[in-house]
Amino acid sequence: RIGRPTATMSGRKEGKHLIMALVYIVGWGCASSGLIFLNNHLLTEDGFHYPMTLCSMGLAASWTISSVMVNAGYVKLDKSRDISPRWYCTHILPIGAFAAISLALGNYTYLYLSVSFIQMLKAAVPCVTMIVLVATALEKPHRMTVLGVLILTFGTALAAYGEIAFQWIGVIMMFSSEFSEAFRMAVLQYLLGNLRFDLIEGLYVMAPASFAFLVLGIMMFEFQTFQEEDGFAKITGRPHKYFAAAFLGFCVNLLTLAVIKSTSSLTFKVVGQVKNTVVILVSVVVFGSEITFLQVVGYSISIFGFAVYQRGKQVQAKAEEREKEMDGYERVELHEQKGEA
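If you're wondering where the values come from, they're calculated on a predicted model, not measured in any experiment.

Each value, and the rule that gives it
- Residues numbered from 1 in each chain as written.
- Predicted model: local features only at pLDDT ≥ 70, side-chain atom pairs only at ≥ 80, totals over all residues.
- Heavy atoms only, no water.
- Helix = DSSP H or I, 4+ residues; strand = E, 2+ residues; numbered from the N terminus.
- Rg over C-alpha atoms; globule rule 2.2 N^0.38 Å.
- Buried < 20%, exposed > 50% of the residue type's maximum accessible area, 1.4 Å probe, protein only.
- Contact = heavy atoms within 4.5 Å.
- Areas by Shrake-Rupley, 256 points an atom, 1.4 Å probe, with all protein chains shown as cover.
- Salt bridge = Lys/Arg side-chain N within 4 Å of Asp/Glu carboxyl O.
- Axes fitted to C-alpha atoms, helices over the stretch in contact; angles between N-to-C directions.
- Left-handed = near helix turned anticlockwise from the far one by under 90°.
- Nonpolar A, V, L, I, M, F, W, Y, C, P; charged D, E, K, R; others polar.
- Patch = residues over 30% accessible without salt bridge, like charges linked within 9 Å, V, L, I, M, F, W, Y side chains within 5 Å.
- Lys, Arg positive; Asp, Glu negative; His and termini not counted.
- Charge placed at Lys NZ, Arg CZ, Asp CG, Glu CD.
- Core = buried A, V, L, I, M, F, W, Y, C linked by side-chain atoms within 4.5 Å.

Colleague: I would appreciate a short explanation of the overall build of the chain in the present structure.
Modeller: If you tally the helices and strands in the chain, you get 13 helices and zero strands. Along its sequence from the N terminus, the chain presents helices and strands in the succession α-α-α-α-α-α-α-α-α-α-α-α-α. Relative to the 2.2 N^0.38 estimate, which gives 20 Å for 341 residues, the radius of gyration of the chain is 23 Å and therefore close to what a compact globule would have. With respect to the three principal axes, the spread of C-alpha positions in the chain is 80 × 55 × 50 Å. In the chain, which comprises 341 residues, the proportion classed as buried is 43%. Intrachain contacts of the chain at a sequence separation of at least 6 include 89% that bridge at least 24 residues. As presented, the chain carries roughly 19,000 Å² of accessible surface, and 66% of it is formed by carbon and sulfur atoms.

Colleague: Just to check I follow, could you spell out the pattern of salt bridges for this structure?
Modeller: Pairing between side chains of opposite charge can happen when their charged atoms approach one another. Counted by the stated rule, this structure contains three salt bridges. The salt bridge partner of aspartate 46 is lysine 241, with a shortest N-O separation of 3.4 Å. Here the residue aspartate 46 occupies a position in the loop between helix H1 (3-45) and helix H2 (51-71), and lysine 241 occupies one in helix H11 (residues 239-262), the gap between them amounting to 195 residues. Ionic pairing is found between glutamate 181 and arginine 184, a salt bridge with its closest N-O pair at 2.9 Å. Residue glutamate 181 and its partner arginine 184 are located together in helix H7 (residues 168-192), separated by three residues, close to a single helical turn. Note on glutamate 181: relative accessible area 29%, which makes it partly exposed. Within this structure, Asp46, Arg238 and Lys241 form a network of salt bridges that share partners.

Colleague: Would you take a moment to explain the packing of H2 against H11 for this structure?
Modeller: For any two helices packed against each other, one specifies the crossing angle of their axes together with the interaxial distance. With their axes 7 Å apart at the nearest point, H2 and H11 run at an angle of 65 degrees to one another. Between H2 and H11 lies a crossing of right-handed hand. Each of Leu54, Met57, Gly58, Leu59, Ala61, Ser62 and Ile65 in H2 lies in contact with H11, whose residues at this interface are Tyr242, Ala245, Ala246, Gly249, Phe250 and Asn253. Split into classes, the residues belonging to the contact of H2 with H11 amount to nine nonpolar, four polar and no charged.

Colleague: In this structure, what is going on with the environment of valine 187? I would like to understand it.
Modeller: With respect to the element layout, valine 187 can be found in helix H7. For valine 187 and histidine 91, which are 96 residues apart along the polypeptide, the C-alpha to C-alpha distance reads 8.6 Å. In contact with valine 187, other than residues within four places in its own chain, are Pro94, Ile95, Phe98 and Leu192.

Colleague: Explain the environment of methionine 174 here, please?
Modeller: Its location among the elements puts methionine 174 in helix H7. Considering only alpha carbons, one finds methionine 174 and tyrosine 110, 64 residues apart in sequence, at a separation of 9.4 Å. Sequence-distant contacts of methionine 174, defined by excluding residues within four places in its chain, comprise Thr109, Ile118, Leu121 and Lys122.

Colleague: Explain the environment of glutamate 163 to me, please; I cannot follow it from the model alone.
Modeller: Tracing the sequence through the fold places glutamate 163 in the loop between helix H6 (143-161) and H7. Accessibility expressed as a relative area gives 8% for glutamate 163, which makes it buried. Among residues more than four places away in sequence, those in contact with glutamate 163 are Ser114, Phe117 and Gln295.

Colleague: Even after reading the chapter, I still don't get a nonpolar patch on the surface, so can you show me in this structure?
Modeller: Taken together, Phe213, Leu216, Met220 and Phe221 make up a surface patch of nonpolar side chains, about 440 Å² in accessible area. Secondary-structure assignment places phenylalanine 213 in helix H8 (residues 199-221). Judged by its relative accessible area of 31%, phenylalanine 213 is partly exposed.

Colleague: Explanation requested: a negative patch on the surface in the structure shown.
Modeller: A contiguous patch of negative charge on the surface is contributed by Glu320, Glu321, Glu323 and Glu325. Its place among the elements puts glutamate 321 in helix H13 (residues 293-340).

Colleague: What's the story with the packing of H2 against H8 in this structure? I'm lost.
Modeller: Here H2 crosses H8 at 150 degrees, and the two axes come no closer than 8 Å. Crossing handedness for the pair H2 and H8: left-handed. Residues Met52, Thr53, Cys55, Ser56, Leu59, Ala60, Ser62, Trp63, Ser66, Ser67, Met69 and Val70 of H2 form the contact with H8, whose own contacting residues are Ile200, Leu203, Tyr204, Ala207, Pro208, Ser210, Phe211, Leu214, Gly217, Ile218 and Phe221.

Colleague: So what exactly am I meant to see when it comes to the nonpolar core here?
Modeller: In summary, soluble globular proteins display a tendency toward joint burial of nonpolar side chains. By size, the foremost hydrophobic cluster in this structure holds 46 residues, and its most contacted members are Trp28, Phe48, Leu54, Met57, Phe117 and Tyr242. Of all the elements in the fold, those that place two or more residues in this core are H1, H2, helix H4 (115-121), H6, H7, H8, H11 and helix H12 (265-285). Aside from chain neighbours lying at most four places away, what touches tryptophan 28 is Val252, Leu255, Thr256, Val259, Phe268, Val271, Gly272 and Lys275.

Colleague: Sorry if this is basic, but what is going on with helix H5 (residues 125-135) here?
Modeller: Residues three or four positions apart in an α-helix share a direction because the helix packs 3.6 residues into each turn. Buried residues of H5: Pro126, Cys127, Val128, Thr129, Met130, Val132 and Leu133, and no others. Positioned one or two residues after H5, alanine 137 has a phi angle of 60 degrees, which is positive.

Spatial relationships are all this shows, so hold off on functional conclusions.
This is how it looks when you write it as structure tokens:
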């Protein structure tokens with residue numbers, strides 16, 4: 001009798017957690033997909049060809065909204081309260097730099113490649129991530145993950161070979177963006193370790209660093225053209241589109257953290273691949289994007305390679321857990337032997 005209410009309460013908590021996770025996943029998928037199509041429209045059809053300026057709007061919104069919530073007392077700074085300027089410069093700024101490079105180059109690809117082809121190239125993210133993590137000695141390669149990466153790489157290459165409007169500069173920018181994101185994750189893992197901020201607190205801490213580097217890039221590469229072509233007039237002429245882009249950028253940044261926190265990084269990667277596939281289908285069916293049969297075959301092989309890669313990561317994680325358990329047993333036995341001696 002005593003155990004039943006406890007079990008019921010536990011079941012309710014798990015059900016509530018599952019519902020919230022599903023809400024976050026659906027919200028992230030809709031916001032991320034919407035932002036992709038909106039950014040592509042603004043950059044290629046609306047004549048706003050300032051990719052860094054466009055993606056800075058989302059970070060500006062993230063910083064502004066999170067600052068308002070913190071200063072109004074809705075959010076407490078639990079983990080970042082004692083951050084010193086020196087610690088921020090040595091730990092957060094490097095992460096912000098790689099995030100800004102990844103966002104900027106990722107947005108620039110829309111000027112050269114189709115939405116559907118960009119999503120296909122995103123299938124190569126595990127390959128890039130593994131290369132960076134192995135190179136930085138943050139991860140040891142497993143034979144199944146290596147096999148998955150090889151299959152995935154072959155599929156991505158096949159999809160690229162079948163692309164009608166292939167442009168090297170767009171592909172180079174896309175892979176540079178992916179490498180920057182992988183380095184961001186590696187630096188984050190190395191510098192912050194197990195330190196994880198809450199959702200709004202994370203945006204409050206991270207967004208200013210990324211925004212600052214984007215502003216630097218804008219001043220170097222876009223500001224003069226933006227002034228000469230009166231880019232500000234394009235924003236004021238259709239402000240609702242740019243406010244929507246800024247708000248969607250905030251939603252994507254917030255919900256990305258929410259999905260990972262409520263599920264896992266593995267689930268986020270799987271959901272990301274599903275979202276990429278949906279974006280490809282929508283761009284083909286709704287927006288008339290052209291893809292070839294060779295690209296469909298290549299992308300299908302990439303998805304299979306991704307599944308093998310993720311399975312390899314699970315096997316590797318279990319093997320590492322067993323090794324830790326064995327090490328623990330060996331330490332206990334050694335301690336007992338010393339005690340007997």
